[in-house]
Amino acid sequence: MVRELTHFIGGQQVPGTSGRFGDVYDPNLGQVQARVPLASTSEVEQVIANAEAAQPAWAAMNPQRRARILMKFLTLVNDEMDSLAALLSSEHGKTIPDAKGDIQRGLEVIEFAVGIPHLLKGEYTESAGTGIDVYSMRQPLGVVAGITPFNFPAMIPLWKAGPALACGNAFVLKPSERDPSVPLRLAELFLEAGLPEGVFNVVNGDKEAVDTILHDPRIKAVGFVGSTPIAQYIYETATANGKRAQCFGGAKNHAIVMPDADLDDVADQLIGAGYGSAGERCMAISVAVPVGEDTANRLVEKLTDRVHKLNVGKSDDPGADYGPLVGLDGVDRVKKYVQQGIDEGAELVVDGRGLTVEGAENGYFVGATLFDRVTKNMSIYTDEIFGPVLSVVRAEDYEEALALANDHEYGNGVAIFTRDGDAARNFAARVQVGMVGINVPIPVPIAYYTFGGWKRSGFGDLNQHGPDSIRFYTKTKTVTQRWPAGLKESNSFVIPTME
Ligand code: NAD
């Protein structure tokens, strides 16, 4: 029996009426396990109307009370961590511990948003002019939307909804149609935590739903995460329609390995960062850049050893290092790139294409793949593969390694491994990438800092979570006030100054 999923609108599960559905797979078995409704324009408009009606009362609630609802939500999600992780893993294919990490990183942004009474405080200047005070306040935008990718179905919706809701906005989430069940459950938990009906809504859909969001004037801001071409399309369309937009795209994250690094430690870290979650992370390391031939030879040897020992299995197998890709299209894409890498002259050190997992022969598995002697012009270097493939690009010296990261069109994350503080400082200062790790392979910033890539990894000028998210989800109003005592003076026809 294939389950039929719903939308979540106005505090209720609402079946789809468009007659269009998408398939949600069990990637471990390669079978359809559910059907997700794909909303029509009129259904999305109904969601927006609901959100718009609910928003003013939510914004009028004092921030401390809004924060208490988020606190209760934290408790409810933590109580349900095991079943949520199992659900997430069953649709996405990441292992159970990794699914818990996905939920946990989302909760950390809710914890940040609980500080909203403090975060929303404005500025105040007494006697900015004679008898004149000036203050600013932050007010919610109204109804805002999030359009999110398949690869973090809990974390990314919560990164967006947490700050947006805390600021007093109503939220319309259009999650990935590949793994929508966790976002739908989170909507129920928000309601149970005390969030008023209609303040957080989930509308499932594809391009039709997204385009409705982008063109509806009641949506004031759009937060997107996904692939770069769609990020750019959404940024351009949303802003052309007068909305705020922050859109985060694809990545090709480099790890520079200096000759003085502890190569056993580096190899361990690169294995986790390259192959964890089958490489389906926007912060995965997909390019290792050892500096110097000797470093490269030693590193490739250590990586090869470890890649052979990796255990790929069903996502609920406690012994699996990583599970299947989310879909067959992903498997085909990865295999296509591996073939291109061979054709373009890279050295295929470990080929993961032949892997099958016992008892899950139809699952979407790809074994860990390692390339050496990859060069700048090859498609396996220029393109985001989004699979378990690590490419080694050998650099002669530090400057060449730095230039590789700087010249790449993506600029999401980057790491350097070294024992030399001077090299690390120089790298952090000069690298043209948004998030930098120093002996840290996946430098996803903590919730109270901000997350965002540079170059074609990010469109828009404010990052996700941290202080930027409060700016993104509020508009600033600045008040200049003078009380009657100051009105005794006669009218002035000269532009006011603060003399
Ligand atoms: P995707 O771009 O295919 O889909 C993302 C969202 O856009 C989904 O909700 C989808 O329904 C919608 N969408 C897809 N095609 C559309 C179209 N033509 N018009 C309108 N909407 C459309 O991305 P994905 O495959 O779900 O996620 C993987 C990608 O996301 C990778 O490129 C990865 O690097 C990126 N990603 C980036 C970050 C980051 O922070 N930079 C984080 C996670 C994932």
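None of the values given here were measured: they were computed from a predicted structure.

## Some details on the pairing of strand β14 (residues 285–290)
Counting buried positions over the six residues of β14 gives six, a clear majority of the element. Viewed along the sheet, the connection from strand β13 (residues 253–257) through helix α10 (residues 263–275) into β14 turns out right-handed. Two elements, β14 and strand β17 (residues 389–392), share two bridges in a ladder whose sense is parallel. Looking at the pairing, Val287 lines up with Ser391 of β17.

## Brief notes about the UniProt feature "domain: Aldehyde dehydrogenase" (unreviewed entry) in the protein chain
Taking the numbering used here, the UniProt-annotated feature "domain: Aldehyde dehydrogenase" (unreviewed entry) corresponds to residues 22–479. Across residues 22–479, helical content stands at 42% and strand content at 21%; the span's end C-alpha atoms are separated by 49 Å.

## Topic: the sheet that holds strand β7 (residues 132–140)
Here we have three strands laid out as an open sheet, ordered β6-β7-β23, and antiparallel in their pairing. Strand pairing shows two members of the sheet lacking a second neighbour, β6 (124–129) and β23 (474–482), which therefore form its edges. Taken over all neighbouring pairs, the strand axes of this sheet differ in orientation by 30° on average, direction set aside. Relative to β23, β7 is paired through nine bridges, and the arrangement is antiparallel. By the bridge assignment, Ile132 is partnered in β23 with Arg482.

## Examining the site of the ligand
Around the ligand sit 26 residues in total, of which Pro149, Gly226, Ser227, Phe248 and Cys282 are the nearest. Residues belonging to the shell around the ligand are distributed by class as follows: eleven nonpolar, ten polar and five charged. Looking at which domains feed residues into the shell around the ligand, each of domain 1 (3–249 + 457–481) and domain 2 (253–438) gives three or more.

## Remarks on helix α9 (residues 228–240)
Each α-helix winds once per 3.6 residues, and so residues spaced three or four apart point in a common direction. A rise of 1.5 Å per residue sets the reference length of α9, with its 13 residues, at 18 Å; its end C-alpha atoms lie 18 Å apart and thus fit the reference within 8%. For α9, the set of buried residues is Thr228, Ala231, Ile234, Tyr235 and Ala238. Looking straight down α9, one finds its buried side chains confined to an arc of 125°; they lie on one side. Residues of α9 that are exposed and point over 90 degrees away from its buried face: Pro229 and Ala240. Turning to α9, the residues buried within the fold contact β8 (143–147), α8 (207–215), β11 (219–225), β12 (244–248) and β22 (458–459). Positive phi appears at Gly242, one or two residues downstream of α9, with a value of about 80°.

## Section: the domain arrangement of the protein chain
Many analyses report the size of an interface as the accessible area lost when the parts associate. Here the domain parsing of the protein chain yields domain 1 (3–249 + 457–481) and domain 2 (253–438). Taken together, the 17 residues of domain 1 in the interface contact 23 residues of domain 2. The class makeup of the residues in the side of domain 1 that touches domain 2 is five nonpolar, nine polar and three charged.

## Points about helix α7 (residues 181–192)
Given a rise of 1.5 Å per residue, twelve residues ought to cover 16 Å, and the 17 Å separating the end C-alpha atoms of α7 matches this to within 8%. Buried within α7 are the following residues: Ser181, Val182, Pro183, Leu184, Leu186, Ala187 and Phe190. Along its buried surface, α7 packs onto β2 (7–9), α2 (63–79), α3 (81–92), α6 (155–166), β9 (170–174) and β10 (200–202). Positive backbone phi, approximately 115°, marks Gly194, located one or two places after α7.

## Re the pairing of β11
β11 sits mainly inside the fold: six of its seven residues count as buried. Two strands pair when backbone bridges link them, and β11 and β12 are joined in this way by five bridges, in the parallel orientation. Directly across from Phe224, in β12, lies its bridge partner Cys247. In this region the chain leaves β11, passes through α9 and returns to the parallel neighbour β12; the handedness of that crossover is right-handed.

## Quick notes on the sheet that holds strand β1 (residues 3–4)
Hydrogen bonds between backbone atoms are what pair the strands of a sheet, whose relative direction is either parallel or antiparallel. Taken together, the three strands give an open sheet; going across it, the order is β1-β5-β4, and neighbouring strands pair in mixed fashion. Each edge of the open sheet carries a strand with a single partner, namely β1 and β4 (21–26). Pairing of β4 with strand β5 (residues 31–37) involves six bridges; the strand directions are antiparallel. Its bridge partner lying in β5, Asp26 is registered against Gln31.

## Observations concerning the nonpolar core
The nonpolar side chains of a soluble globular protein tend to be buried with one another. Counting 84 residues, the largest nonpolar core has Val144, Phe171, Val172, Ile213, Val222 and Ile234 as the members making the most contacts within it. The element best represented in this core is α6, accounting for eight residues. Residues in contact with Phe171, not counting those within four places in the same chain, are Val144, Gly146, Ala161, Ala164, Leu165, Val199, Phe200 and Asn201. Grouped together as the second largest cluster of nonpolar side chains are 70 residues, Met258, Val331, Tyr364 and Tyr410 included.

## Digging into the packing of α10 against helix α11 (residues 293–309)
Close contact between α10 and α11 brings their axes to 9 Å; oriented N to C, the two are set at 50°. Of the possible angle classes, the one that applies to α10 and α11 is oblique. The handedness of the crossing between α10 and α11 is right-handed. In this structure, α10 uses Leu263, Asp264, Val266, Ala267, Leu270 and Ile271 to contact α11, whose residues at the interface are Arg298, Leu299, Lys302, Leu303, Arg306 and Val307. Residues belonging to the contact of α10 with α11 are distributed by class as follows: eight nonpolar, no polar and four charged.

## Focus on the confidence of the model for the protein chain
Considering every residue of the protein chain, the mean pLDDT works out to 97; 98% of them sit at 70 or more. Among the prediction metrics, the complex's ipTM stands at 0.98, with pTM recorded as 0.96.

## A word on the packing of α2 against α7
In the contact formed by α2 and α7, the axes pass within 9 Å of each other and the chain directions differ by 130°. Looking at the two axes, α2 sits oblique to α7. Here α2 and α7 pass one another in a crossing that is right-handed. Between α2, through Phe73, Leu76 and Val77, and α7, the contact on the second element is made entirely by Leu189, Phe190 and Glu192. Looking at the contact of α2 with α7, its residues break down into five nonpolar, no polar and one charged.

Rules used throughout
- Residues numbered from 1 in each chain as written.
- Predicted model: local features only at pLDDT ≥ 70, side-chain atom pairs only at ≥ 80, totals over all residues.
- Buried ≥ 20, exposed ≤ 12 C-beta atoms within 10 Å, placed from the backbone.
- Helix = DSSP H or I, 4+ residues; strand = E, 2+ residues; numbered from the N terminus.
- Right-handed = clockwise from strand over helix to strand, strands pointing away.
- Pairing = 2+ DSSP bridges.
- UniProt positions renumbered as here; feature names shortened; annotations may be inferred.
- Axes fitted to C-alpha atoms, helices over the stretch in contact; angles between N-to-C directions.
- Near = placed C-beta within 6 Å.
- Nonpolar A, V, L, I, M, F, W, Y, C, P; charged D, E, K, R; others polar.
- Domains from an automatic or database assignment.
- Expected span 1.5 Å × (residues − 1).
- Arc of directions from axis to C-beta.
- Contact = placed C-beta atoms within 7 Å.
- Core = buried A, V, L, I, M, F, W, Y, C linked by C-beta atoms within 7 Å.
- Parallel < 35°, antiparallel > 145°, perpendicular 65-115°, else oblique.
- Left-handed = near helix turned anticlockwise from the far one by under 90°.
- pLDDT = per-residue confidence, 0-100.

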